[in-house]
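Each chain, letter by letter, is given below.
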Amino acid sequence: MTNGLVQTEMEGLLTAAFPGASFILSNDSASHHGHTGDDGSGESHFSLAIEWAGFAGLNRVARQRAVNKALGDLPGQRVHALAIKATAPGE
């Protein structure tokens, strides 16, 4: 399956903001078809699992804020929902 424009943009932003991080960005939009926030684009709901050494010493909220900051206007505007699991290596 080919990534859509929004997913490709998100992956680029994450790669730039978190050098050396490993992540999996999953498009969960098909599971939310017809639900609130489904705009019909097929790119409205995502989940992210990201591991990055820079998250060491940061709490869950600080990690999620860092991810949201890196993604700019995508969450809340072009992406309805983003579930984030952000960890440091070894966690």
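Residues numbered from 1 in each chain as written. Predicted model: local features only at pLDDT ≥ 70, side-chain atom pairs only at ≥ 80, totals over all residues. Heavy atoms only, no water.

S.K.: Residue-level account of the packing of aromatic side chains, with values.
M.R.: One pass over the full model with this rule turns up three aromatic pairs. Taking the centre distance of 4.9 Å and the plane angle of 70 degrees together, the rings of Phe18 and Trp52 count as edge-to-face. Of this pair, Phe18 sits in the loop between helix H1 (5-17) and strand S1 (22-27) while Trp52 sits in the loop between strand S2 (45-51) and helix H2 (60-71), and the two are 34 residues apart along the sequence. Among the aromatic side chains, those forming a connected cluster through ring pairs are Phe18, Trp52 and Phe55. (Phe/Tyr/Trp six-rings, centres within 6.5 Å; stacked < 30°, edge-to-face > 60°. Helix = DSSP H or I, 4+ residues; strand = E, 2+ residues; numbered from the N terminus.)

S.K.: Talk me through the side chain of Thr87; I want residue IDs and the actual numbers.
M.R.: Relative to the helices and strands, Thr87 is located in strand S3 (residues 81-87). What makes Thr87 buried here is its relative accessible area of 18%. With near-sequence residues (within four places) excluded, Thr87 lies in contact with Ile50, Glu51, Trp52, Phe55 and Arg63. (Buried < 20%, exposed > 50% of the residue type's maximum accessible area, 1.4 Å probe, protein only. Contact = heavy atoms within 4.5 Å.)

This is a description of form; function is not addressed.
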